[in-house]
Amino acid sequence: MSTPAAATQRADFWFDPACPFAWVTSRWIEEVEKVRDIETRWHVMSLSVLNEGRELEHDYQRAMDENWGPVRVIVAAAELHGAEHIKPLYDAMGTLIHHEKVADRTEVVRRALEQVGLPAELAQYADSDEFDRQLRASHREGIEKVGQDVGTPVVAINGTAFFGPVITRVPRGEEAGSLWDAAVGLAAFPHFFELKRTRTESPTAD
């Protein structure tokens with residue numbers, strides 16, 4: 001008698017393209033897709049929204065001000081050209097920010113739009129609040145699943161959301177699949193809430 005095929009599992013991933021921790025975790029999800037039957041849906045959130053109204057150190061506040069642009073452009077692209085552009089734009093922006101170390105967010109937006117074949121005119125939305133309602137709604141959807149005392153990434157695993165997993169290096173192959181299996185197990189237990197330890201290294205994009 002044949003064994004029934006396992007049901008497709010689902011990950012909902014909320015990211016800010018500027019966040020290095022979200023970037024590493026997103027690359028892990030890509031590795032999981034190679035070795036497990038999962039469907040991933042990608043959603044924007046914003047560190048700039050998350051930090052609104054907080055007293056921040058000057059340089060961090062400046063970074064929050066600059067980080068509105070990329071996420072606004074992703075939302076505008078999704079609204080005007082379709083949600084299928086969310087992930088390719090994230091990939092392009094994330095590569096520029098975290099691998100090529102492009103600091104100028106205007107350049108990040110321009111080059112990312114060019115790479116994915118979207119109109120250059122979308123760059124104007126980096127400085128526009130026209131789609132901020134949709135941006136805030138997507139952000140709120142992720143945050144409401146986990147609570148306010150979190151950052152990026154937010155990952156919902158088969159409907160149960162957590163801040164994280166926060167990892168600093170990308171596992172590959174079956175190691176990535178095993179980490180996913182562990183996360184699925186934790187998400188399936190309704191009374192599990194948190195694991196945490198002090199980080200001893202910064203995230204590595206490679």
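In the nomenclature of an unreviewed UniProt entry, the protein is known as DSBA oxidoreductase of Sinomonas atrocyanea.

Visitor: For this particular structure, what's the right way to read the overall build of the protein?
Guide: When you go through the protein residue by residue, the secondary structure sums to 8 helices and 4 strands. Ordered by position from the N terminus, the helices and strands of the protein form the series β-α-β-α-α-α-α-α-α-β-β-α. In summary, the protein has a C-alpha radius of gyration of 17 Å against a globular reference of 17 Å for 206 residues, a match within 12%. Along the longest, intermediate and shortest principal axes, the C-alpha atoms of the protein span 60 × 40 × 30 Å. Out of the 206 residues in the protein, the part that is buried amounts to 48%. Partitioning the contacts of the protein with sequence separation of at least 6, the portion at a separation of at least 24 is 74%. Surface summary for the protein: the accessible area is close to 11300 Å², and the carbon and sulfur share equals 49%.

Visitor: Explain the environment of A126 to me, please; I cannot follow it from the model alone.
Guide: Looking at the element boundaries, A126 is found in the loop between α6 (105-116) and α7 (132-146). With a relative accessible area of 13%, A126 lands in the buried category. Separated by 50 residues in sequence, A126 and A76 place their C-alpha atoms 8.9 Å apart. Setting aside residues up to four positions removed in sequence, A126 forms contacts with W68, G69, R72 and V73.

Visitor: Would you explain the layout of surface pockets in this entry?
Guide: Empty pockets left among the atoms are what a rolling probe the size of a water molecule brings to light. Counted as a void, the largest pocket has a volume near 1400 Å³. For the largest pocket, the lining is made up of 39 residues, of which F163, G164, P165, V166 and L195 are closest to its centre. Among the secondary structure elements, those contributing two or more residues to the lining of the largest pocket are α1 (20-35), α7, β4 (160-163) and α8 (173-188). Tallying contributions element by element places α8 first for the lining of the largest pocket, with 5 residues. Across the lining of the largest pocket, the residue classes tally to 23 nonpolar, 8 polar and 8 charged.

Visitor: I tried to follow unusual backbone geometry on my own but got confused; where do I start?
Guide: Peptide bonds are trans in most cases, and residues, glycine excluded, mostly fall at negative phi. A cis amide bond links T152 to the next residue, P153, at an omega of 5°. Residue P165 is reached from G164 by a cis peptide bond, and omega for that bond is 10°. Phi at N158 is positive, roughly 55°, even though this residue is not glycine.

Visitor: Explanation requested: the nonpolar core in the structure shown.
Guide: Soluble globular proteins tend to bury their nonpolar side chains together. Ranked by internal contacts, the top residues of the largest apolar core, which has 63 residues, are F15, I29, L89, M93 and W180. Considering each element in turn, this core owes the most residues, 8 residues, to helix α4 (residues 68-81). Once residues within four sequence positions are removed from consideration, L89 is found in contact with V73, I74, A77, A112, L113, V116 and L118.

The rules behind each value
- Residues numbered from 1 in each chain as written.
- Predicted model: local features only at pLDDT ≥ 70, side-chain atom pairs only at ≥ 80, totals over all residues.
- Heavy atoms only, no water.
- Helix = DSSP H or I, 4+ residues; strand = E, 2+ residues; numbered from the N terminus.
- Rg over C-alpha atoms; globule rule 2.2 N^0.38 Å.
- Buried < 20%, exposed > 50% of the residue type's maximum accessible area, 1.4 Å probe, protein only.
- Contact = heavy atoms within 4.5 Å.
- Areas by Shrake-Rupley, 256 points an atom, 1.4 Å probe, with all protein chains shown as cover.
- 1 Å grid on protein atoms, 1.4 Å probe; cavity = no way out; pocket = protein on both sides within 12 Å on 5 of 7 lines; lining within 4 Å.
- Points joined across faces, edges and corners; volume = space filled by probe spheres on them.
- Nonpolar A, V, L, I, M, F, W, Y, C, P; charged D, E, K, R; others polar.
- Core = buried A, V, L, I, M, F, W, Y, C linked by side-chain atoms within 4.5 Å.

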